[in-house]
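Close look at the chain arrangement
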Amino acid sequence: MQTEPLHIMPWRIEEIDLNRIDRQRAVANEDLLLLLCAASFIESGSDLYTSNLSIFFNGDPEVSTWLNTEWEPEELQHGRALKAYIAHVWPEFDWDGAFERFFAEYSQTCSFEDFEKTRALELVARCVVETGTATLYRAIGESSDDPVLKEITDNIRSDEVRHYKHFLKYFRKYNEIEGNGRLAVLGALLRRVKEIRNEDSEIALRHVLAVRYPEHADDLAYNRARTARVNALVRRNLSADMCVKMLLKPLDLPAKIQPGVHYPLTKITQHVFFR
Ligand SMILES: [Fe+2]
Ligand SMILES: [Fe+2]
């Protein structure tokens, strides 16, 4: 039963003509496809996180309605869009089978214990996640010469930036009430930055590799080397500057000291975020 207002999506994957993809060229960039596929898994697993998150914001219809009617459908479309791209370029790839195995493991890692202790701090963490995805899709767009993929990743990136702005607005609303100091905010920020590195993408990529190269399934060294190559591809095209600017916002630093913090934070971010 539909009780919430229907959200009009800012763009629709069905309106993008995938037949314009130069398949031969796209296939040649195997590392990029591995990365897209891993990203499609994480995006497609978003609904699990939304239900946990909207429970966390129970009683605040402004946040929970936005999560359910805008954020979740848009994140799920990111997953569908990347899946459609992969299906077009790798028709033989068993996306559903690989996703099922990924999800079995991934769903174990999403739980209430992973939430920050307060709503404001969890919203900081969400800003970090959206910063990470906005930065990632910008990097993907920049590393590809396929206009169709660029169109898709540009659309996704604008969604992620808009999500970030929503989470930032909600953070400010809650921090008025909670009054967390900069140190607490920085703590939440760094905790999530560290987590981005560790978990989701590693799990996703491992399941993509297992289906794409079953002959190497048990070859740890191979998987490690492949993962490093995929990460290097992202790192080469990342805009640390945009990323750090977004990360700094919740700290609400006085303009005077911002330049002083920018450099060390860029270094930390490059080291932790981008490996
Ligand atoms: Fe997304
Ligand atoms: Fe997002």
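By convention here, each chain's residues receive numbers from 1 onward along its written sequence. Each chain takes a letter, starting from A, and each ligand takes a number, starting from 1, following the order in which they are written. Reporting of local features is limited, given that this is a predicted model, to residues whose pLDDT is at least 70; pairs of side-chain atoms are given and counted only at 80 or more, and all residues count toward the totals for whole chains, interfaces and linings.

Thoughts on the overall build of the protein chain
Test applied: A helix here means a DSSP run of H or I that spans at least four residues, while a strand means a run of E at least two residues long, and both kinds are numbered starting from the N terminus. Restricting the calculation to C-alpha atoms gives the radius of gyration, and the globule rule supplies 2.2 Å times the number of residues raised to the power 0.38. Burial is judged by counting other C-beta atoms within 10 Å of a residue's own C-beta: 20 or more means buried, 12 or fewer means exposed, and anything between counts as partly exposed, with every C-beta placed from the backbone. Note on contacts: residues are paired as contacts if their backbone-placed C-beta atoms lie within 7 Å.
The number of helices and strands found in the protein chain is twelve helices and zero strands. Overall, the protein chain shows an N-to-C arrangement of helices and strands of α-α-α-α-α-α-α-α-α-α-α-α. A compact globule built from 275 residues should have a C-alpha radius of gyration of about 19 Å, and the protein chain, at 19 Å, falls within 12% of that. Counting only C-alpha atoms, the protein chain reaches 55 × 50 × 35 Å along its principal axes. Split into buried and exposed, the 275 residues of the protein chain put 36% on the buried side. In the protein chain, 82% of the contacts between residues at least 6 apart in sequence involve partners at least 24 apart.

Some points on unusual backbone geometry
Although it is not a glycine, Asp-252 sits at a positive phi angle of roughly 50°. Among the structural elements, Asp-252 can be located in the loop between α11 (240–248) and α12 (258–272).

Some details on the environment of Glu-14
Within the element layout of this structure, Glu-14 appears in the segment before α1 (23–28). Put simply, Glu-14 and Gly-132 are 118 residues apart on the chain and 26 Å apart in space, counted from C-alpha to C-alpha.

Quick word on the environment of Gly-181
Turning to its location among the elements, Gly-181 is positioned in the loop between α7 (147–178) and α8 (182–198). The exposed category is assigned to Gly-181, around which 9 C-beta atoms lie within 10 Å. Placed 70 residues apart in sequence, Gly-181 and Leu-251 show a C-alpha to C-alpha distance of 8.6 Å.

Quick look at the nonpolar core
Proteins that are soluble and globular tend to have nonpolar side chains buried together. Convention followed: Structurally, a nonpolar core is described as a collection of buried Ala, Val, Leu, Ile, Met, Phe, Trp, Tyr and Cys residues joined by way of C-beta atoms within 7 Å.
Counting residues in hydrophobic clusters, the biggest one holds 62 residues, and the most contacted among them are Leu-34, Ala-38 and Val-124. Counting residues per element, this core draws most heavily on helix α6 (residues 119–143), which supplies 13 residues. When residues no more than four places from it in sequence are discounted, the contact partners of Leu-34 are Leu-205, Val-208, Leu-209, Arg-212 and Val-230.

Observations concerning helix α5 (residues 95–109)
Our working rule: Residue count minus one, scaled by 1.5 Å, sets the expected span of a helix. Note that bend, as reported per residue, equals the angle between axes fitted to the 7 residues terminating at that residue and the 7 residues originating from it.
A rise of 1.5 Å per residue sets the reference length of α5, with its 15 residues, at 21 Å; its end C-alpha atoms lie 21 Å apart and thus fit the reference within 8%. Along its length, α5 reaches its greatest deviation from straightness, about 30°, at Phe-103. The secondary structure elements touched by the buried residues of α5 are α2 (30–44) and α9 (200–212).

Description of the confidence of the model for the protein chain
What counts here: Confidence per residue, as judged by the predictor, is encoded in pLDDT with a range of 0 to 100.
Across the protein chain, the average pLDDT comes to 89, with 93% of residues at or above 70. Within the protein chain, the lowest mean pLDDT, 72, falls on α12, and the highest, 97, falls on α7.

Observations concerning the packing of α2 against α9
Using the following cut-off: Fitted lines through C-alpha atoms give the axes, limited to the stretch in contact for helices. The angle between two N-to-C directions lies from 0 to 180 degrees. Working definition: roughly parallel below 35 degrees, roughly antiparallel above 145 degrees, roughly perpendicular at 65 to 115 degrees, and oblique for all remaining angles. Handedness of a crossing is defined here by the sense of rotation of the near helix relative to the far one, left-handed for an anticlockwise turn of less than a right angle and right-handed for a clockwise turn. In this classification, Asp, Glu, Lys and Arg are treated as charged, Ala, Val, Leu, Ile, Met, Phe, Trp, Tyr, Cys and Pro as nonpolar, and every other residue, Gly included, as polar.
At a closest axis distance of 8 Å, the pairing of α2 and α9 adopts a crossing angle of 120°. As judged from the angle between their axes, α2 and α9 are oblique. Here α2 and α9 pass one another in a crossing that is right-handed. Packed against α2, whose contacting residues are Leu-34, Cys-37, Ala-38, Phe-41 and Ile-42, the element α9 presents Asp-200, Ser-201, Ala-204, Leu-205, His-207, Val-208, Leu-209 and Arg-212 at the interface. Partitioned by chemical class, the residues of the contact of α2 with α9 number nine nonpolar, two polar and two charged.

Structural notes on the environment of Val-63
If you trace the backbone, Val-63 turns up in helix α4 (residues 61–89). Of the residues examined, Val-63 has 23 C-beta atoms within 10 Å and is grouped as buried. The spatial distance from the C-alpha of Val-63 to the C-alpha of Phe-167 is 8.8 Å, given a sequence separation of 104 residues. Once residues within four sequence positions are removed from consideration, Val-63 is found in contact with Phe-57 and Tyr-170.

Quick notes on the packing of α9 against helix α10 (residues 220–237)
Two numbers describe how α9 lies on α10: the axes approach to 11 Å, and their chain directions differ by 120°. By the angle class used here, α9 and α10 are oblique. Our pair here, α9 against α10, has a crossing hand that is right-handed. The residues of α10 that touch α9, namely those facing Leu-205, Arg-206 and Leu-209, are Asn-223, Arg-226, Thr-227 and Val-230.

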